[in-house]
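Chain and residue survey
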Amino acid sequence: MGRSPCCEKAHTNKGAWTKEEDERLIAHIRVHGEGCWRSLPKADGLLRCGKSCRLRWINYLRPDLKRGNFSRDEEDLIIKLHSLLGNKWSLIAARLPGRTDNEIKNYWNTHIRRKLLSRGLDPAKHRPLATAVKEAGRRAREPSRPDLNLELCISPPYQEEQKKPAELGENMLGEKEGKCGGEFLRLGGGGLLDCRSLEGS
DNA sequence: AAGCTTCCCAACCGCAAGTAA
DNA sequence: CTTACTTGCGGTTGGGAAGCT
């Protein structure tokens, strides 16, 4: 695959976005919609590379973003999804409306990961650290095998076209607010981690 | 109050995948 | 089929805020 620099670095701003830049970006997307990130800055006179514009919009400016603290249910769901999907933050985010992959990744690294470690659990495998180490050794001796096809057991991600949870008084799992996504994930409480079990650590 | 440390999150970087020419 | 370009993803980092001494 060919690769090229995403932008002419000499002519672009870096670092924190100013209010004016935000407003320009929002105005542009209101008129033209999302997409064509590469040509967006040029079209709108923004001294930012397209990548940066896309990131700013997705992670911060999008109107449907929830922001604020993660609820216990969200945290629980993240742990469950992570145990199935691993570090596939975009897939996890697709199942948490209003949350971005970046936000979830940050939350995982700063909160959940630490909680799991302090309980002696391997955040990568969701198993006790000693077991995880043993298993790593055993796997090294075994022939490699493909991962489970998770798409088979996880329902499609939340999509904007679907009925909005707020309108239904339900979350994206089709459940009343306040429940985790066990059924949605076909987990059925099969012994996976529950964030509540980490409380008080 | 000042200096230091830790925490958190927005943003950057590099790579891979997708796709148009 | 190959190349060039764009988009999206995951890992990492910089710096401001908050907490501590």
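Below you will find a few notes about this structure. (Residues numbered from 1 in each chain as written. Chains lettered and ligands numbered in written order. Predicted model: local features only at pLDDT ≥ 70, side-chain atom pairs only at ≥ 80, totals over all residues. Heavy atoms only, no water.)

Here we take up the packing of helix α4 (residues 72-85) against helix α6 (residues 101-118). Contact geometry of α4 with α6 gives a least axis separation of 11 Å together with a crossing angle of 90°. Classified by the interaxial angle, the pair formed by α4 and α6 is roughly perpendicular. Along the contact surface, α4 presents Glu75, Ile78, Ile79 and His82, while α6 presents Ile104, Tyr107, Trp108, Ile112 and Lys115. Taken together, the residues of the contact of α4 with α6 sort by class into six nonpolar, one polar and two charged. (Axes fitted to C-alpha atoms, helices over the stretch in contact; angles between N-to-C directions. Helix = DSSP H or I, 4+ residues; strand = E, 2+ residues; numbered from the N terminus. Parallel < 35°, antiparallel > 145°, perpendicular 65-115°, else oblique. Contact = heavy atoms within 4.5 Å. Nonpolar A, V, L, I, M, F, W, Y, C, P; charged D, E, K, R; others polar.)

End to end, α6 covers 24 Å across 18 residues, agreeing with the expected 26 Å (1.5 Å per residue, within 8%). In α6, a bend of some 45° at tryptophan 108 exceeds every other bend along the element. For α6, the full list of buried residues reads Ile104, Tyr107, Trp108, Ile112 and Leu116. (Expected span 1.5 Å × (residues − 1). Bend = angle between axes of the 7 residues up to and from the residue. Buried < 20%, exposed > 50% of the residue type's maximum accessible area, 1.4 Å probe, protein only.)

This paragraph deals with the nonpolar core. The nonpolar side chains of a soluble globular protein tend to be buried, and buried together. Grouped together as the largest cluster of nonpolar side chains are 16 residues, with contacts concentrated most on Ile78, Ile92, Leu96, Ile104, Trp108 and Ile112. Where this core is concerned, the elements lending two or more residues are α4, α5 (89-94) and α6. Beyond its immediate sequence surroundings of up to four residues, isoleucine 104 is in contact with Phe70, Ile78, Trp89, Ile92, Ala93, Leu96 and Arg99. Core analysis: the second largest hydrophobic core is formed by 10 residues, Trp17, Trp37, Trp57 and Leu61 among them. (Core = buried A, V, L, I, M, F, W, Y, C linked by side-chain atoms within 4.5 Å.)

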